[in-house]
Amino acid sequence: MLNSLKKTLAVSALVLASAASVLPSQAGAQQVTLDTYVAARTGRSVVARATAYSSHAAQTDSTPNITATGTRTRPGVIALSRDLLRIFPYGSRVTIQDLSGRYNLGGRVFIVEDTMAARKVGSVDIWMPSYGEAIRFGARSVRITAVR
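Overview of the structure. (Residues numbered from 1 in each chain as written. Predicted model: local features only at pLDDT ≥ 70, side-chain atom pairs only at ≥ 80, totals over all residues. Heavy atoms only, no water.)

## Here we look at the overall build of the chain
The condition that has to hold: Only runs of H or I of at least four residues qualify as helices and only runs of E of at least two qualify as strands under DSSP, and these elements are numbered from the N terminus. Throughout, exposure labels follow a simple rule: accessible area from a 1.4 Å probe, protein chains only, divided by the maximum for the residue type, with under 20% read as buried, over 50% as exposed, and the rest as partly exposed. Contacts are assigned to residue pairs with any non-hydrogen atoms lying within 4.5 Å of each other. Under the convention used here, a 1.4 Å probe and the Shrake-Rupley method define accessible areas, while residue burial counts only the protein chains that appear.
Of regular secondary structure, the chain possesses four helices and six strands. Element order for the chain, N to C, with α for helix and β for strand: α-α-β-β-α-β-β-β-α-β. Taking all 148 residues of the chain together, the buried fraction comes to 36%. When contacts within the chain are restricted to residue pairs at least 6 apart in sequence, those whose partners lie at least 24 apart make up 74%. Surface exposure of the chain reaches about 8,500 Å², of which carbon and sulfur atoms provide 55%.

Shown next, in the form of structure tokens:
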């Protein structure tokens, strides 16, 4: 029993350390805590404003095909505002439900790999393959739920 508990604690420490390694380490930046990790892994849910973006130069920074975590943009990638990154840290897998029911996200699982501009609060940005799709998506209220 004691060995099992030690192994569980060791694995938890490794997971926290690996999650912290992908987060920015600048002063004032969010830090991964055990509470943050647990919240993101227990089906936590929030309502947020959703928009969409593509790798179009007008919608991104100087590296339009690279996310904040260093991966390439692709279907299933989302960007969160910095306040939501405290709840769903980089690498979190989430589902998104359109609360208006007009847009079917098909129960897909998205992965948090990007962040939005610092001025954005309570927002999620869903990557789309084309600028036209992103514009047609518009802005809407969604429910973001962590996948266990």
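## Thoughts on the environment of G132
Within the secondary structure layout, G132 lies in helix α4 (residues 131-137). On the basis of relative accessibility, which here comes to 27%, the residue G132 falls in the partly exposed class. Residues G132 and S54 lie 78 residues apart in sequence; the distance between their C-alpha atoms is 8.8 Å.

## Concerning the sheet that holds strand β6 (residues 140-146)
Pairing between the strands of a sheet comes from backbone hydrogen bonds, and it takes one of two forms, parallel or antiparallel. Convention followed: A pair of strands is considered paired only if DSSP assigns at least 2 bridges between the two. Angles run from 0 to 180 degrees between N-to-C directions of axes, and those axes are lines fitted to C-alpha atoms, restricted for helices to the stretch in contact.
The sheet built from six strands closes into a barrel, its strands ordered β1-β5-β2-β4-β3-β6 with mixed pairing. For this sheet, the mean inter-axis angle between neighbouring strands, taken without regard to orientation, is 50 degrees.

## Focus: the nonpolar core
The criterion, for reference: Nine residue types can take part in a nonpolar core, namely buried Ala, Val, Leu, Ile, Met, Phe, Trp, Tyr and Cys, and a core is a set of them joined through side-chain atoms within 4.5 Å.
In this structure, I78, L80, F88, I96, V124, I126 and I144 are the most contacted members of the largest nonpolar core, which totals 24 residues. Every element with two or more residues in this core is listed here: β1 (45-53), β2 (77-80), α3 (82-85), β3 (93-98), β4 (109-115), β5 (123-127), α4 and β6. With four residues, β1 is the single largest residue contributor to this core. Residues V77, A79, I111 and W127 belong to the second largest nonpolar core, which totals six residues.

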